[in-house]
Amino acid sequence: MSCLFCRIIKGEIPSFKIYETSKVYAFLDINPLAEGHTLLIPKFHGAKMHEIPDDYLAEILPAARKIALALGATSDDTFQYNVLQNNGALAHQVVQHVHFHVIPKPNDAEGLGIHWPGKATDFDALKKTHEVLLKKMEGKL
Ligand code: AMP
Ligand code: ZN
């Protein structure tokens, strides 16, 4: 078993554990974008999100919520944060075991920086995309 994060789950490589259930494991990122940057992973090996069974994924967001609360999330903007999950090298994935980043955003300089090149579109183009995607979704639900 050579996967880095599988080895972290097994305790073969040390990590600063934040949270654990039978299905998920969370630990501090070794190169944090901000203090408290946490990685949350399923205890199921798969490189990309769509390879992970639903019962593992179902525990991810409740765990991410607990982590966010522990980091300081409240109902106002005192503590702000991003949840990020990358799939593929182009999409900035480095480690080939699915992981969700919970990243505090304390100020402009720290935390996640986002480049968001939104493109102009129109109703007809969106309608076409909608029709195609809806057809493809039918078999996946
Ligand atoms: P990604 O670019 O989404 O694949 O992110 C991989 C993340 O894993 C990076 O933020 C790394 O800092 C983090 N990372 C790599 N090795 C370790 C490790 N041994 N312990 C904790 N975090 C790690
Ligand atoms: Zn793995």
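Residues numbered from 1 in each chain as written. Chains lettered and ligands numbered in written order. Predicted model: local features only at pLDDT ≥ 70, side-chain atom pairs only at ≥ 80, totals over all residues. Heavy atoms only, no water.

As named in an unreviewed UniProt entry, the protein chain is HIT-like domain-containing protein, taken from Lipomyces kononenkoae.

So what exactly am I meant to see when it comes to the site of ligand 1 here?
In the neighbourhood of ligand 1, 16 residues make up the surrounding shell, with Asp 29, His 92, Val 94, His 99 and His 101 lying closest. One of the side-chain N or O atoms of Asp 29 is found 2.5 Å from an oxygen atom in ligand 1. Here an oxygen atom of ligand 1 sits 2.6 Å away from a polar atom, N or O, in the main chain of His 92. Isolated, ligand 1 exposes 510 Å² of accessible area, and the fraction of that covered by the protein chains is 82%. (Near = heavy atom within 4 Å. Polar contact = N/O pair within 3.5 Å; in protein donor to acceptor, adjacent residues only side chain to side chain. Areas by Shrake-Rupley, 256 points an atom, 1.4 Å probe, with all protein chains shown as cover.)

Would you mind going over the packing of aromatic side chains with me for this structure?
Any pair of aromatic rings gets described here by the distance separating the centres and the angle formed by the planes. According to the stated counting rule, one finds 4 aromatic pairs in the structure shown. Judged by centre distance (5.8 Å) and plane angle (40 degrees), the rings of Tyr 25 and Phe 27 are tilted. With respect to burial, Tyr 25 and Phe 27 carry one shared label: buried. Considering the side-chain rings of Phe 79 and Tyr 81, the 5.6 Å spacing of their centres and the 25 degrees angle between planes classify their relative orientation as stacked. Taking relative accessible area as the criterion, Phe 79 reaches 16% and is therefore assigned buried. The structure contains a cluster of three or more aromatic residues connected by ring pairs, namely Phe 5, Tyr 25 and Phe 27. (Phe/Tyr/Trp six-rings, centres within 6.5 Å; stacked < 30°, edge-to-face > 60°. Buried < 20%, exposed > 50% of the residue type's maximum accessible area, 1.4 Å probe, protein only.)

What's the story with the nonpolar core in this structure? I'm lost.
Across soluble globular proteins, you tend to see nonpolar side chains buried next to one another. One finds Val 24, Ala 26, Leu 40, Ile 52, Tyr 56, Ile 60, Ala 63, Ala 64, Ile 67, Val 98, Phe 100 and Val 102 forming the largest nonpolar core, which totals 12 residues. Broken down by secondary-structure element, the contributors of at least two residues to this core are strand E2 (24-28), helix H3 (60-71) and strand E5 (100-104). Per-element accounting of this core gives the leading share, 4 residues, to H3. The contact partners of Val 24, leaving out residues within four places of it in the chain, are Tyr 19, Leu 40, Ile 41, Pro 42, Lys 43, Tyr 56, Glu 59, Ile 60 and Ala 63. Core analysis: the second largest hydrophobic core is formed by 9 residues, Cys 3, Cys 6, Ile 8 and Tyr 25 among them. (Core = buried A, V, L, I, M, F, W, Y, C linked by side-chain atoms within 4.5 Å. Helix = DSSP H or I, 4+ residues; strand = E, 2+ residues; numbered from the N terminus. Contact = heavy atoms within 4.5 Å.)

I'm lost on the coordination of the zinc ion (ligand 2) in this one. Help?
Reference values for angles at a metal are 109.5 degrees in the four-donor tetrahedral case and 90 or 180 degrees in the six-donor octahedral case. The zinc ion (ligand 2) binds to the protein through Cys 3 (SG), Cys 6 (SG), His 45 (ND1) and His 97 (ND1); the donor distances cover 2.1 to 2.3 Å. On the primary sequence, the residues serving as donors to the zinc ion (ligand 2) are separated as C-x2-C-x38-H-x51-H. Placement of the pair is His 45 in the loop between strand E3 (38-42) and helix H2 (54-57) and His 97 in the loop between strand E4 (81-84) and E5, with a sequence separation of 52 residues. (Donors = N, O, S within 2.8 Å, 3.2 Å for Na, K, Ca; no water.)

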